[in-house]
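Chains, contacts and geometry: an overview
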Amino acid sequence: MLHDPSHVTPLPVEEEITLPQADKDILRKLGEAYIEIGKKDAQTAKAKLWRSLNDLKSKRPMVWINEIPWHEMNVDDELTLTCVHPWARELETELRRTIYQARHMPGDMVVDDFFSCQKVFHSTDFGILEKVETAHTDDENEIYSRHFEIQIKEPEDILKIKMPKITYLEKATQYRYAAMCDLFDGIAEVKLTGQTHIWYTPWDFLVRWWGVQEAMMDLVMRPEMVHEAYERMVDAWMTELDQLDEQNLLSLDNNNTRIGSGGYGYVSDLPGADYDSTHVHPHNMWGCSNAQIFSSVSPNMHWEFAVEHDMRWLKRFGLTYYGCCEPLDSKAEVLRRIPNLRKVSVSPWCDTARAVSNLGASYVMSRKPNPAIFTAKNLDLAEAEKQLREFLDAAKGGHVELIMKDISTVSYAPQNLWQWEKLAMRLAEEYAT
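Rules and cut-offs
The residue numbering used here restarts from 1 in each chain and proceeds along that chain's sequence as written. In view of the model being predicted, local features appear only for residues whose pLDDT reaches at least 70, and side-chain atom pairs are presented and counted only at 80 or more, with totals across whole chains, interfaces and linings using the full set of residues. As a rule here, side-chain values cover all heavy atoms of the structure and leave hydrogens and water aside. Note on conventions: DSSP H or I runs of at least 4 residues are helices, E runs of at least 2 residues are strands, and numbering of each starts at the N terminus. Summary of the burial criterion: residues with accessible area below 20% of their type's maximum are buried, those above 50% are exposed, and those between are partly exposed, where the area comes from a 1.4 Å probe applied to protein chains only. Pairs of N or O atoms within 3.5 Å make up the polar contacts considered here, provided that, within protein, one atom can donate a hydrogen while the other can accept it, and that residues adjacent in sequence are counted only when both atoms are side-chain atoms. Only when DSSP finds a minimum of two bridges between them are two strands counted as paired. Inter-axis angles, ranging from 0 to 180 degrees, are taken between N-to-C directions of lines fitted to C-alpha atoms, where helices are fitted over the stretch in contact. In this analysis, two residues are considered to be in contact whenever any of their non-hydrogen atoms come within 4.5 Å of each other. Any helix carries an expected span of 1.5 Å times its number of residues minus one. Think of the arc as the fan of directions from the helix axis to the C-beta atoms. Definition of nonpolar core: a set of buried residues of the types Ala, Val, Leu, Ile, Met, Phe, Trp, Tyr and Cys, connected through side-chain atoms within 4.5 Å. Here the term patch refers to residues with relative accessible area over 30% and no salt bridge, with like charges joined within 9 Å and nonpolar side chains (Val, Leu, Ile, Met, Phe, Trp, Tyr) within 5 Å. Areas reported here follow the Shrake-Rupley algorithm with a probe of radius 1.4 Å; residue values treat only the protein chains shown as occluding. By definition here, a salt bridge exists when the distance from a side-chain nitrogen of Lys or Arg to a carboxyl oxygen of Asp or Glu is within 4 Å. When charges are counted, neither His nor the chain ends are considered; positive counts come from Lys and Arg and negative counts from Asp and Glu. We put the charge of a Lys on NZ, of an Arg on CZ, of an Asp on CG and of a Glu on CD.

What to know about the side chain of K343
Looking at the element boundaries, K343 is found in strand β10 (residues 341-346). The exposure class assigned to K343 is buried, which follows from its relative accessible area of 0%. Within the structure, the side chain of K343 is placed 3.1 Å from the side chain of N54, a separation counted as a polar contact.

Next comes the structure, spelled out in structure tokens:
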């Protein structure tokens, strides 16, 4: 995702980054540990396996864990931040989490043998600010219940959705790049990168401003208004993409970049023949879309009020991923209309037999095991294995990635997630072709 378009993103400060020596020492030590992981031959081997999967020539199921409740995961202060400077703490967080995951629950994660410094840019967002009441069960958890104030009620309210403006902040970029080069001098290269994969999900934000019940009713009661609103959302996303392209702010994602709600983007078909290494365009990249709120609508309505509009976006990319939490097992005819589709989300709420039958070996099945298994203090390994085997048995002959995500809690027992990773990797090897 570029940003959350229903919030105002503060303009990044353009100032030199001067770190205390203690912060530098901490970050260099973490950087050395990070690069040591990235240099291992296992990283290259796993990258090849991901490429085979996405080329539809899979060798075995692939395993990856993300969307982790990090506030519950700290063991022996491995995640405790010790830097002082705000920018240093952001970098420290990223390094510590990567090292932690590689140590305890790597699955098929791939760690680079270089450091990435992303170009800094700012978007003016989509015009409507989210107005919300929240309810927390755990103040440390980033996942919580929300009640949104409706802001789109009549057709004229659609104009509240504004076209965003992207501004590249060259000075801020150079300050961050210089700071990283100084920090990691003698350890590994620092590469300047742009925006990689974009999490495009217009319906997720539109319902925050419209209301879930109200939007679903208006699919029937006021369909033209829904079409107009959704088309304007697509326009806003396209406006951002055009500016990122024009300002040369895009970077390739056929690497260890997360694609859609699934795994990595390694694939042979990208960046494609029409590729200029000095200027990446959308057709060199992965695209994605989803309509999670459409879990219960018919295939025809899913096409009419989501995918048909999304085609303007999806056709701009070399390959695409579709879906997230919405069950898509009964909507294969809709998915097949997407000409460059390669990966499809298979959520826990899909009918497994129907999903496998409809998707077959034509797409990568991005299977999302149910994270509810971690709500118990003690992980039921037998049940976890049963759930994984049921899908892997049904999917034999297909191409599968097991993506454990949406983990709102591990009941403050991080070892449960470590155990699940070992189980999933054991089964992935067992089901190798």
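So, the sheet that holds β10
An order of β1-β12-β11-β10-β9-β8 is seen for the six strands of this open sheet, with the pairing classed as parallel. Of all the strands in the sheet, just β1 (62-65) and β8 (286-289) have a single pairing partner and so form its edges. Along the sheet, successive strands turn relative to each other by an average axial angle of 20 degrees, direction set aside. Contacting β1, β8, β10, β11 (364-367) and β12 (399-404), helix α2 (residues 41-54) crosses the sheet at an angle of about 110 degrees to β1. Most of the contacts of helix α12 (residues 415-430) go to β1, to which it runs at about 165 degrees, and overall it touches β1 and β12.

Focus: helix α11 (residues 381-394)
Every α-helical turn comprises 3.6 residues, leaving residues that sit three or four positions apart pointing alike. For α11, spanning 14 residues, the distance from its first C-alpha to its last is 20 Å, which sits close to the expected 20 Å at 1.5 Å a residue. Along α11, the residues that are buried comprise A384, L388, F391 and L392. In an axial view of α11, the angular spread of the buried residues amounts to 100 degrees, which keeps them on one side of the axis. Where α11 is buried, its residues touch β10, α10 (352-359), β11, β12 and α12.

Remarks on the nonpolar core
Counting 90 residues, the largest nonpolar core has M73, W203, L206, L417 and W420 as the members making the most contacts within it. Once residues within four sequence positions are removed from consideration, L206 is found in contact with I152, I161, A229, Y230 and M233. L30, F115, L183 and A188 belong to the second largest nonpolar core, which has 34 residues in total.

Concerning unusual backbone geometry
Backbone geometry follows two general trends: most residues other than glycine have a negative phi, and most peptide bonds adopt the trans configuration. Here L270 and P271 are connected by a cis peptide whose omega angle stands at 15 degrees. Considering the arrangement of structural elements, one finds P271 in the loop between α7 (223-246) and β8. Despite not being glycine, D77 shows a phi value in the positive range, around 65 degrees. Along the polypeptide, D77 turns up in the loop between β1 and α3 (86-104). What makes D77 exposed here is its relative accessible area of 53%. Of note, the phi angle at S411 is positive, near 55 degrees, even though the residue is not glycine. As for its position among the elements, S411 is in the loop between β12 and α12.

Description of a negative patch on the surface
Residues E224, E228, E304 and E308 make up a contiguous surface patch of negative charge. Looking at the negative patch, the elements that each hand over two or more residues are α7 and α8 (299-314). On the basis of relative accessibility, which here comes to 42%, the residue E308 falls in the partly exposed class.

Overview of the environment of W209
Position of W209 relative to the elements: it lies in helix α5 (residues 202-210). Residue class for W209 comes out buried when judged on its relative accessible area of 0%. Residues W209 and F148, spaced 61 residues apart in sequence, show a C-alpha to C-alpha distance of 7.1 Å.

Some thoughts on the pattern of salt bridges
What the rule picks out here adds up to 21 salt bridges. A salt bridge links R60 to E429, with the shortest nitrogen-to-oxygen separation between them at 3.4 Å. Note that R60 is positioned in the loop between α2 and β1 and E429 in helix α12, a separation of 369 residues in sequence. With a closest N to O distance of 3.7 Å, E67 and K405 form a salt bridge. Of the two residues, E67 is situated in the loop between β1 and α3 and K405 in the loop between β12 and α12; the sequence distance between them amounts to 338 residues. Classification of K405 as buried rests on a relative accessible area of 3%. Through salt bridges with shared partners, a single network forms among E67, R258, K405 and D406.

Section: the environment of K29
Tracing the backbone shows K29 in helix α1 (residues 21-38). Judged by its relative accessible area of 64%, K29 is exposed. The spacing of K29 and V190 is 161 residues in sequence and 16 Å in space, taken between C-alpha atoms.

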